[in-house]
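One letter stands for each residue in the lines below.
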Amino acid sequence: MTATTIDPRTALVVIDLQRGIVALPTAHPAREVVARAAKLAAAFRERGLPVVLVNVAGGPPGRNEGPAMSGSLPADWTELVDELDVQDGDIKITKLQWGAFHGTALDLELRRRGVTQIVLAGISTSIGVESTARAAHEHGYHVTVAADAVTDTDAESHAHAFAKIFPRLAETAGTDEIIALLPAAPAA
């Protein structure tokens, strides 16, 4: 774990913790990832820091060699899981591709709030989380990945992201370490 600091204006960005994604088989128990993301969200809210909840409702066009999704998705597939305790003040982003920046208002929402750093949690490490981390880095944000609040449907892809990708564009830390680095809650 390498996290050194958390900027005073940091946002938590939770990727795809929605019913359809959380129900998939994952390398680490999804319920534990959800619980840690919820713990992070509560800590960010307590300190008056932005919480961004992202869901995915489609995929980018274009040909690829991967298996195509067939059939229709369940009606509640895109709904965020209850454990996140969605609040009125949370920023909600729906994306139609892997990363949360392209084609959404995420960058605008963060810049309006003076955000300089993001902490990432969610599923899937090598897809939504990694794509969002790459774009955040390219947009000039400091990036921290909550190492115990992410997982993937593929254990090798998860390990690759932490071994080869994240060290080049982010710091990583556990949930409790990140919370300990957060700025103090505003005085009541």
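Before reading on, note that the structure itself is shown above.
Residues numbered from 1 in each chain as written. Predicted model: local features only at pLDDT ≥ 70, side-chain atom pairs only at ≥ 80, totals over all residues. Heavy atoms only, no water.

(A) Representation of the nonpolar core. By size, the foremost hydrophobic cluster in this structure holds 32 residues, and its most contacted members are Leu-12, Leu-17, Leu-40, Phe-44 and Leu-84. Of all the secondary-structure elements, those providing two or more residues to this core are strand E1 (10-15), helix H1 (19-22), helix H2 (30-46), strand E2 (51-56), strand E4 (117-123), strand E5 (142-151) and helix H6 (175-181). The dominant element in this core, judged by the number of residues it contributes, is H2, at eight residues. When sequence neighbours within four positions are dropped, the list of residues in contact with Leu-17 reads Val-22, Val-33, Val-34, Ala-37, Val-54, Leu-80, Val-81, Leu-84, Gly-122 and Ile-123. Counting residues in each nonpolar core, the second largest holds 27 residues, with Ala-100, Leu-106, Val-115 and Leu-120 among its members. (Core = buried A, V, L, I, M, F, W, Y, C linked by side-chain atoms within 4.5 Å. Buried < 20%, exposed > 50% of the residue type's maximum accessible area, 1.4 Å probe, protein only. Helix = DSSP H or I, 4+ residues; strand = E, 2+ residues; numbered from the N terminus. Contact = heavy atoms within 4.5 Å.)

(B) Structural detail: the pairing of E5. Of all ten residues making up E5, eight are buried, and the element is well covered by its neighbours. Pairing geometry for E4 and E5, over six bridges, is parallel. Bridge pairing in E5 links Leu-120 to Val-145. Once the chain exits E4 it traverses helix H4 (residues 125-138) before rejoining the sheet at E5, and the crossover so formed is right-handed. Alignment of E5 against strand E6 (residues 171-173), held across three bridges, turns out to be parallel. Residue pairing for E6: Ala-146 is matched across the bridge by Ala-173. Between E5 and its parallel partner E6, the chain crosses via helix H5 (residues 155-169), and the hand of that crossover is right-handed. (Pairing = 2+ DSSP bridges. Right-handed = clockwise from strand over helix to strand, strands pointing away.)

(C) Looking closely at the pattern of salt bridges. With the rule as written, the count across this model stands at twelve salt bridges. We note a salt bridge from Asp-16 to Lys-95, for which the minimum N-O separation is 3.0 Å. Taken as a pair, Asp-16 in the loop between E1 and H1 and Lys-95 in strand E3 (residues 91-95) lie far apart in primary sequence, 79 residues in all. Judged on exposure class, the residue Asp-16 and its partner Lys-95 are both buried. (Salt bridge = Lys/Arg side-chain N within 4 Å of Asp/Glu carboxyl O.)

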